[in-house]
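Examining the three-dimensional arrangement
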Amino acid sequence: MSRINDGAGPSTGGHGNNRPPPKTRTGRKYSYTKLCDVKVRTTVNLYAAVKFFKPPFPSRGTDYCMVVRLVDPSLDDLNEGLKCLFFAKEESLLPQIYSIGDIVRIHRLKVDNYRGAPQGNKGPGFSCLVFDGRQGAPTQPRSDSQNFTFEPEDEEKVLELRQWVTLTPELNVMTSDCPTLADVEEGQYYDLSCQIVSMARVDETCVLFQVWDGTIPAVPFRKAEFHGLSLDQKDDLVQKVKGHLVDVFIFDNHVSTALKFKPGDFVRIQNLHVAKYKPPDNEAGQSDELVEFVVHKGTSFGRGLTALSSDHPNFKDMESVMKQVIERSTAADLPTSEQHETDTAAHGPVKRATTGESLDQNSEGMLVDDTDGNVQQGNSMDQEQDSNVQERDNTVQQGDSTAQGSNVTHERDSNVQKGSSNLNEKNSIVPEEGSLVSSSNSTDRRCLQETGTVITGHHHITVTPIHAVLTHYTPFKFRLKAQLVDYSPRDVREFCLLFCYACNYCIEIPSSLKQKDCQKEGRQHSHSSFPCLWCKKTQSRNTECAVVPTMQYIYVVKFILDDGTGSLEAHMWKEHAEVFFKDLPPCNLYQRQEDRQVLSDYMHQLCPGAASQTAAPWMECCIMSYTVKDSGPALYQIFDTSLALEAA
DNA sequence: GCTTAGGGTTAG
């Protein structure tokens, strides 16, 4: 019998240990077996790293099944290791393994013989904790059961194994190999993290997912034909991520798994095949060579779909890229105040970033269609920008003489009159700090003394209530008096982004520039040391060598304004934001504590929040409304507005 | 009630 050597420790009563379990005050003591010492027909506890895993899939029996191969430093050959086979009624009762390189602590693994080799199975009282295998990640265990022990020495074991994982190339794949849609090549298989935006049942054997991960494939790919299909989609997301969507065809045994997901869910697709598309004969020759994204039948190589946890190693990176895309698609809708400039580079910056991607797709032969072709979208946005500018100018002229709808009075009152040309606005004097307070206009002075912000022009325009702004046609300019009820981002360090004035590419401040020891960044205002990766990428394609422009800091902030008649979301950025923040230049706010403090003080005064006894001051501000698409929602931007507060 | 799958690509 194998009792003496069962190795499983003391945690289950009466399983054959000769001595009573040694206990500590906080829990039981376990002994752990090195993989090189594991013998068949024993039950063991062990610490190990995941070398391979097949995520849970429904078996033909009653349970979910999962296959794992474990390794540890005791093995001479990492191709060896212990294969394990686990069954459970639910996926949540199986080891919560997300990635190769994850670290597991398993208690009561029963080791049997299968075809002459050891195979780990669940023994009575089996339990498994899983830890992120990356150094520096939280040591929070992911458990397959409600009750488990986790002692400081467990954490030590995890940290020790992490070092080994980090130094073992076969295991630290997460740091080197995080494929995105942008990386895929024809014929290859990928484990991809993404978000489902739309889905449809194609037939009995196939489900279609439309997914995105924030990137765009470089290879042209097949798009599904939707006639006759009912598409279940997350509407708000569809609008924002058009041009980033990829169609994934999911077959056979994965259909039931696929149907458990819903639009908006994050999913991990393992073994996604980027297959060369063979069009049917009647379509042959119609298009360039395409790939199609397919999840074939079977579970080979861990093929399957699993819910993507927010603590999956891929999640944060993907989320950050997605956020930037959405921010850009939202901010892309901002007009600039530089309508008068003839320089074509004076398009809205964030908008331009989207266009840049479109151009890139174009050069890569990206296939587009009428419904969500980013190329078309990008090109037409430029046109729209131009027409939008004209329209806005026209409106300025029309406003006085045109009465539309029920807001005639407001329209007239709030209209920027003919005399106030765009050029005048552009050149409107931005006063020195506090100079507005001593304005010679007595009416203004009375107003300024009681508000947190002042307008730097358009004083002849009367105030429009927000409810009227919200129902007004666009584009239009208004003067508001409202309070700041919320703003975004809440962390002032994120008030500034990096922006390339050459290509209008916009990104969040990268981690390398956030570091404390980045002295250079700390001293600089506005200019960063960070090269524009977009320009670099484009240049490396087009020319041999060219100077890569460095990116500059700009403000991009969103305000929620409320005046009691309604609330309105308005963006503020670039020069408008600099004027607003009393000419405090944008900078790396991760580095410049003093600027951060000033901005924090301003924001705290403007928006004390619900917990504060202090009421938010009223803000005088100028906003302009606009739309990107004719039918699109009205968007708002703050301009010609400046703080009338002193930093504490 | 005691299986299921037992890593190593579909072929749309």
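Being a predicted model, the structure only gives us computed values, none of them experimental. (Residues numbered from 1 in each chain as written. Chains lettered and ligands numbered in written order. Predicted model: local features only at pLDDT ≥ 70, side-chain atom pairs only at ≥ 80, totals over all residues. Heavy atoms only, no water.)

1. Considerations on the overall build of chain A
Within chain A one finds 16 helices and 23 strands. Looking at chain A as a whole, 52% of its 648 residues are labelled buried. Residue pairs at least 24 apart in sequence account for 68% of intrachain contacts in chain A once pairs closer than 6 positions are excluded. When the accessible area of chain A is evaluated, it comes to approximately 30,900 Å², of which 48% is carbon and sulfur surface. (Helix = DSSP H or I, 4+ residues; strand = E, 2+ residues; numbered from the N terminus. Buried < 20%, exposed > 50% of the residue type's maximum accessible area, 1.4 Å probe, protein only. Contact = heavy atoms within 4.5 Å. Areas by Shrake-Rupley, 256 points an atom, 1.4 Å probe, with all protein chains shown as cover.)

2. Some remarks on the protein's contact with DNA strand B
Surveying the vicinity of DNA strand B reveals 28 residues, the closest of which are Lys83, Asp252, Asn271, His296 and Arg303. The contact atoms of DNA strand B, taken as those within 4 Å of the protein, divide so that sugar and phosphate hold 37%. One of the side-chain N or O atoms of Thr62 is found 3.1 Å from a base nitrogen in DNA strand B. Asp252 places a polar side-chain atom, nitrogen or oxygen, 2.5 Å from a base nitrogen of DNA strand B. (Near = heavy atom within 4 Å. Polar contact = N/O pair within 3.5 Å; in protein donor to acceptor, adjacent residues only side chain to side chain.)

3. Comments concerning the nonpolar core
Soluble globular proteins: nonpolar side chains tend toward being buried together. Counting 51 residues, the largest nonpolar core has Leu484, Phe495, Phe559, Leu561, Phe581 and Leu599 as its most contacted members. Aside from chain neighbours lying at most four places away, what touches Leu561 is Ile466, Leu480, Ala482, Gln483, Leu484, Gly566, Ser567, Leu568, Ala570, Met619, Cys621 and Ile638. (Core = buried A, V, L, I, M, F, W, Y, C linked by side-chain atoms within 4.5 Å.)

4. Quick look at helix 1 (residues 152–166)
Here helix 1 is 15 residues long and its end C-alpha atoms lie 21 Å apart, about the 21 Å a rise of 1.5 Å per residue gives. Burial in helix 1 covers these residues: Asp154, Val158, Leu161, Arg162, Trp164 and Val165. An end-on view of helix 1 places all buried positions within 160° of arc, on one side of the element. Of the exposed residues in helix 1, the ones pointing more than 90 degrees away from its buried face are Pro152, Glu156 and Glu160. Contacts from the buried residues of helix 1 go to strand 1 (42–58), strand 2 (64–71), strand 4 (103–114) and strand 5 (117–131). (Expected span 1.5 Å × (residues − 1). Arc of directions from axis to C-beta.)

5. Details of helix 16 (residues 593–606)
The terminal C-alpha atoms of helix 16, which comprises 14 residues, lie 20 Å apart, in line with the 20 Å expected from a rise of 1.5 Å per residue. Every buried residue belonging to helix 16 is among Asp595, Leu599, Asp601, Tyr602, Met603 and Leu606, and all of these are buried. Tucked into the core, helix 16 has its buried residues touching strand 14 (451–455), strand 15 (476–488), strand 19 (550–562), helix 15 (574–580), strand 21 (618–626) and strand 23 (641–643).

6. Focus: the packing of aromatic side chains
By the definition in use, this model includes 14 aromatic pairs. Ring centres of Tyr30 and Tyr32 lie 6.4 Å apart, and the angle between their planes is 35°; on these two criteria the pair is classed as tilted. The class for Tyr32 is partly exposed, based on a relative accessible area of 23%. Aromatic ring contacts, followed pair by pair, group Tyr487, Phe495, Tyr555, Phe559, Phe580 and Phe581 into a single cluster. (Phe/Tyr/Trp six-rings, centres within 6.5 Å; stacked < 30°, edge-to-face > 60°.)

7. A look at the state of the cysteines
A covalent bond between the sulfur atoms of two cysteines is referred to as a disulfide. In the structure shown here, the tally under the stated rule is zero disulfides. Cys128 carries a free sulfur, and the closest cysteine sulfur to it, the one in Cys84, is 9.0 Å from it. (Disulfide = S-S within 2.5 Å.)

8. Details of the pairing of strand 22 (residues 635–639)
Every regular strand shows the same layout, with side chains that alternate between the two sheet faces. Among the five residues that make up strand 22, five are buried, leaving the element largely enclosed by the rest of the structure. Burial along strand 22 is two-sided: the face carrying Leu635, Gln637 and Phe639 and the face carrying Tyr636 and Ile638 are both buried. Note: strand 21 against strand 22, five bridges, orientation antiparallel. Counterpart to Met624 in the pairing with strand 22 is Gln637. (Pairing = 2+ DSSP bridges.)

9. A short note on the side chain of Ser309
For Ser309, the position within the fold is in the loop between strand 13 (304–307) and helix 5 (315–331). A distance of 3.3 Å separates polar atoms of two side chains, one belonging to Ser309 and the other to Tyr98. Among all residues touching Ser309, those that are not within four sequence positions of it are Tyr98 and Phe315.

10. Re the pairing of strand 11 (residues 266–276)
Of all the eleven residues making up strand 11, nine are buried; the element is thus mostly covered by neighbouring parts of the structure. In the sheet, strand 7 (residues 189–203) pairs with strand 11 via six bridges, with the strands oriented antiparallel. Opposite Tyr189, over in strand 11, you have His273 as the bridge partner. Two elements, strand 11 and strand 13, share four bridges in a ladder whose sense is antiparallel. Within strand 13, the residue paired with Arg268 across the bridge is Thr306. Looking at chain direction, strand 11 and strand 12 (residues 291–295) are connected through four bridges and run antiparallel. If you follow Ala275 over to strand 12, its bridge partner there is Glu292.

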